[in-house]
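# Summary of the model geometry
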Amino acid sequence: MEPHGPACPGSVLFGCELTASTKSYTFQVDEEDDSDHILALSVVCLTDGAKDECNVVEVVGRNHENKEIAVPVANLKLSCQPLLSLDNFKLQPPVTFRLAAGSGPVHLAGWHRIMHREDASFEEDDDLSEEDEEELPPIMPAKK
């Protein structure tokens, strides 16, 4: 499992709530920011005041053709499944969370990871050294 949370520099706690009056929340970053941003969702759960009804949460983003796509990620009901672990489901902003059915309140929690360009260049150097290791000649059997 990747490091996350307060122990990981550049990570901050993320949370939002979807309700009957606030059906969507958009997570976005400043377009002028040249850092890479990842949103890792840990859990989605019903909170105090939820009714025993199906609450469907969708993630709205863009696919590889840059077309908007909505994908349901959770269907919560107070009496049978009030929470769902998303195991750090990673998304790149901008991304919108939408309460497609139900009245909530539904809370989403996770981590916002910020990787600065200096960090990315360091990771690229690591990739190059791994490629060098792969170019080693194969081991030949010993002659008898």
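Scroll up a little and you will see the structure.
The shown structure was predicted, so the numbers you read here are calculated from the model rather than taken from an experiment.

## So, the sheet that holds strand β1 (residues 11-18)
The 4 strands lie next to each other as β1-β8-β3-β6, forming an open sheet whose pairing is antiparallel. Looking at which strands have only one partner, the edges of the open sheet turn out to be β1 and β6 (83-91). The sheet shows a mean angle of 20° between the axes of neighbouring strands, taken without regard to direction. In this structure, strand β3 (residues 36-46) lies alongside strand β8 (residues 106-115), joined through 10 bridges in antiparallel fashion. Residue pairing for β8: Asp 36 is matched across the bridge by Met 115.

## Brief notes about the environment of Leu 108
Among the secondary structure elements, Leu 108 is positioned in strand β8. Put simply, Leu 108 and Leu 86 are 22 residues apart on the chain and 9.8 Å apart in space, counted from C-alpha to C-alpha. Ignoring any residue separated from it by four or fewer positions in sequence, one finds Leu 108 in contact with Phe 14, Gly 15, Cys 16, Leu 18, Leu 41, Val 43, Val 44, Val 57 and Phe 97.

## Topic: the packing of aromatic side chains
Counted according to the given criterion, the structure contains 3 aromatic pairs. Here Phe 14 and Tyr 25 contribute two aromatic rings whose centre-to-centre distance is 6.0 Å and whose plane-to-plane angle is 50°, an arrangement assigned as tilted. Pair noted here: Phe 14 is in strand β1 and Tyr 25 is in strand β2 (residues 24-27), with a separation of 11 residues, a long-range link. Look at Phe 14 and you get buried, because its relative accessible area is 7%. On the basis of an interplanar angle of 80° and a centroid distance of 5.4 Å, the ring pair of Phe 14 and Phe 27 is categorised as edge-to-face. Highlighted residues: Phe 14 in strand β1 and Phe 27 in strand β2, separated in sequence by 13 residues. Here Phe 14 and Phe 27 have matching classes, each one buried. Through pairs of rings, three or more aromatic residues link up here, namely Phe 14, Tyr 25, Phe 27 and Phe 97.

## Quick word on the nonpolar core
Ranked by size, the top nonpolar core spans 21 residues in total, and within it Leu 41, Val 44, Val 57, Phe 97 and Leu 108 carry the most contacts. Only β1, β3, β4 (55-62), β5 (68-76), β6, β7 (95-101) and β8 provide two or more residues apiece to this core. The dominant element in this core, judged by the number of residues it contributes, is β3, at 4 residues. Beyond its immediate stretch of four places on either side in the chain, Val 57 contacts Leu 18, Val 44, Val 71, Pro 72, Val 73, Ala 74, Arg 98, Leu 99, Val 106 and Leu 108.

## Description of unusual backbone geometry
The linkage connecting Pro 93 with the following residue, Pro 94, adopts the cis geometry, with an omega of 0°. Tracing the sequence through the fold places Pro 94 in the loop between β6 and β7. The step from Gly 104 to Pro 105 runs through a cis peptide bond, and the omega angle for that step is -5°. Within the secondary structure, Pro 105 sits in the loop between β7 and β8. Phi angles above zero are rare outside glycine, and Asn 66 is one such case at about 65°. As for its placement among the helices and strands, Asn 66 is situated in the loop between β4 and β5. For Asn 66, a relative accessible area of 54% translates into the label exposed. Phi at Asp 87 is positive, roughly 50°, even though this residue is not glycine.

Basis of the calculations
Residues numbered from 1 in each chain as written. Predicted model: local features only at pLDDT ≥ 70, side-chain atom pairs only at ≥ 80, totals over all residues. Heavy atoms only, no water. Pairing = 2+ DSSP bridges. Helix = DSSP H or I, 4+ residues; strand = E, 2+ residues; numbered from the N terminus. Axes fitted to C-alpha atoms, helices over the stretch in contact; angles between N-to-C directions. Contact = heavy atoms within 4.5 Å. Phe/Tyr/Trp six-rings, centres within 6.5 Å; stacked < 30°, edge-to-face > 60°. Buried < 20%, exposed > 50% of the residue type's maximum accessible area, 1.4 Å probe, protein only. Core = buried A, V, L, I, M, F, W, Y, C linked by side-chain atoms within 4.5 Å.

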